[in-house]
Amino acid sequence: MVSYKDLGFVNTKEMFAKAMTEGYAIPAYNFNNMEQLQAIITACVETASPVILQISSGARKYANQTMLQYMGQGAIEMMKTMERTVPIALHLDHGNSYELCVSCIESGFSSVMIDGSALSYEENVALTKKVVDYAHQHDITVEGELGVLAGIEDDVSAEKSHYTNPDDVEDFLNKTGVDSLAISIGTSHGAYKFKVKPGESIPPLRFDILEEIEKRIPGFPIVLHGSSSVVPEYIELINKYGGDMKGAAGVPEEQLRKATKSAVCKINIDSDGRLAMTAKIREFLANNPSVFDPRKYLGPARTELIEMYKHKNIHVLGSAGKA
Ligand code: G3H
Ligand code: 13P
Ligand code: ZN
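Below is a short write-up of the structure. (Residues numbered from 1 in each chain as written. Chains lettered and ligands numbered in written order. Predicted model: local features only at pLDDT ≥ 70, side-chain atom pairs only at ≥ 80, totals over all residues. Heavy atoms only, no water.)

What follows deals with the pattern of salt bridges. Here the structure, examined in full by the defined rule, presents 21 salt bridges. The closest approach of N and O atoms between Glu212 and Lys215, which form a salt bridge, is 3.7 Å. Within this pair, Glu212 and its partner Lys215 are both found in helix α9 (residues 207–216), separated by 3 residues, close to a single helical turn. One network of salt bridges, in which partners are shared, links Asp167, Glu212, Lys215 and Arg216. (Salt bridge = Lys/Arg side-chain N within 4 Å of Asp/Glu carboxyl O. Helix = DSSP H or I, 4+ residues; strand = E, 2+ residues; numbered from the N terminus.)

Our next topic: unusual backbone geometry. Of note, the phi angle at Asn64 is positive, near 80°, even though the residue is not glycine. Within the secondary structure, Asn64 sits in the loop between α4 (57–63) and α5 (65–80). Under the relative-accessibility criterion, Asn64 is labelled partly exposed at 43%. A positive phi angle, close to 55°, is found at His94, a residue other than glycine. Locating His94 in the fold gives a position in strand β3 (residues 88–95). (Buried < 20%, exposed > 50% of the residue type's maximum accessible area, 1.4 Å probe, protein only.)

This part covers the coordination of the zinc ion (ligand 3). Each pair of donors in an ideal four-coordinate tetrahedral metal site encloses 109.5 degrees, whereas pairs in an ideal six-coordinate octahedral site enclose 90 or 180 degrees. Coordination sphere of the zinc ion (ligand 3), protein contribution only: His94 (NE2), His189 (NE2) and His225 (ND1), at 2.0 to 2.1 Å. In primary sequence terms, the donor set of the zinc ion (ligand 3) follows H-x94-H-x35-H. In this pair, His189 sits in the loop between β8 (180–183) and α9 while His225 sits in the loop between β9 (222–224) and α10 (232–240), placing the two residues 36 residues apart along the sequence. Overall, the relative accessible area of 1% leaves His225 in the buried class. (Donors = N, O, S within 2.8 Å, 3.2 Å for Na, K, Ca; no water.)

Moving on, we get to the site of ligand 2. Around ligand 2, the structure places 15 residues, and the nearest of them are Asp93, Lys193, Ser228, Asp270 and Ser271. The separation between an oxygen atom of ligand 2 and a polar side-chain atom of Asp93 is 2.7 Å. One nitrogen or oxygen atom from the main chain of Gly190 is found 2.8 Å from an oxygen atom belonging to ligand 2. Starting from 310 Å² of accessible surface for ligand 2 in isolation, the protein chains cover 96%. Sorting the residues of the shell around ligand 2 by element identifies β3 and β10 (264–269) as the ones contributing at least two each. (Near = heavy atom within 4 Å. Polar contact = N/O pair within 3.5 Å; in protein donor to acceptor, adjacent residues only side chain to side chain. Areas by Shrake-Rupley, 256 points an atom, 1.4 Å probe, with all protein chains shown as cover.)

The next subject is the layout of surface pockets. Taken as a whole, the second largest pocket encloses approximately 260 Å³ of empty space. As for the second largest pocket, its lining consists of 15 residues, and the residues nearest its centre are Ser229, Val230, Val231, Pro232 and Glu233. Within the residue set of the lining of the second largest pocket, elements represented by two or more residues are α10 and α13 (294–317). (1 Å grid on protein atoms, 1.4 Å probe; cavity = no way out; pocket = protein on both sides within 12 Å on 5 of 7 lines; lining within 4 Å. Points joined across faces, edges and corners; volume = space filled by probe spheres on them.)

A separate point is the sheet that holds strand β2 (residues 51–56). Strand order in the closed barrel made by the 8 strands is β1-β2-β3-β4-β5-β8-β9-β10, with parallel pairing throughout. Put simply, the sheet's adjacent strands are angled 25° from each other on average, direction ignored. Alignment of β2 against β3, held across 6 bridges, turns out to be parallel. Considered in β3, the bridge of Ser56 is made with Asp93. (Pairing = 2+ DSSP bridges. Axes fitted to C-alpha atoms, helices over the stretch in contact; angles between N-to-C directions.)

Counting across every chain of the model gives 3 aromatic pairs. Plain terms: the ring middles of Tyr98 and Tyr134 are 6.3 Å apart, the flat faces sit at 75° to each other, and that makes the pair edge-to-face. One end of the pair, Tyr98, is in helix α6 (residues 98–106); the other, Tyr134, is in helix α7 (residues 121–137), and 36 residues separate them in sequence. With a centroid separation of 6.3 Å and 55° between ring planes, the pair formed by Tyr121 and Phe172 is classed as tilted. With Tyr121 in helix α7 and Phe172 in helix α8 (residues 166–176), this residue pair connects regions lying 51 residues apart in the sequence. Here Lys130 stacks its cationic end above the ring of Tyr98, 4.3 Å away from the centre of that ring. Above the plane of the ring of Phe207 lies Lys258, whose end atom (NZ or CZ) is 4.2 Å from the centre. (Phe/Tyr/Trp six-rings, centres within 6.5 Å; stacked < 30°, edge-to-face > 60°. Lys NZ or Arg CZ within 6 Å of the ring centre and 35° of its normal.)

Spelled out as structure tokens, the structure:
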């Protein structure tokens, strides 16, 4: 058993308590490779922001579980050489089984999500409680999910979203003992969140459902998945340099800013990082067709990622200066 405390990670308890009182959200950024991880750490140290490093089971398959453990450790060591340290949680994103959660806990994660949202309510409660009972023995925080987000979440995929039913949340918390709750209020995973015709604006998130949930469980940390803004400049670059991503649309920054003022304490962003990297790599390779050194095109992609994460911390999530 590798203890996250020995590695230098923290669980999400104190992060969420502070975010709740002070009205901001902790960034939860996914990573799959070294450049993404370096960019997240650099941006969060430079903006003095706490951060949740997220690893999906897809990332585990891609990068190898042992490699990820040492990458996480490497991130902590890299941070120690920089101007300040910030609280970092290492979190399993969309865990889909008890066994996977246990394996992550044993390899140094400080927080796990058990995503039982595709199950029946009773099965979701039972699975989530089982994970919580194990995780809490090791002081690891657990995120559960109620309601279904459309889009792909590793092995958990859904065609249509189902908003979270506020009538369920109190009972779910009481029965499972989770530390935070992911809800569905209109966001979805990936780069095509809303179908909007030219001239139409993106429909607002269901803040009425969020408010109703907050009334039922006051002061309880809420998580928003699927919160990439699908930055239009990146879509334009991708389309300009050989890509085809017409119709891509995400959650406007204004709506995310509004959410940070509520009980939303954690905002999940993965796709925007993928889009920034792809846009910059496409641009670089189109303009430099003879270059074949990956450092030459991954470097500018990493620089763009740093700027993007800093922008989100400072101007969207409000987490800058909160470390
Ligand atoms: O919620 C989904 C995350 O964006 C992870 O995506 O399964 O492709 O790694 P992934
Ligand atoms: P996006 O696809 O909007 O980045 O959402 C990521 C996410 O929810 C990871 O759990
Ligand atoms: Zn998600």
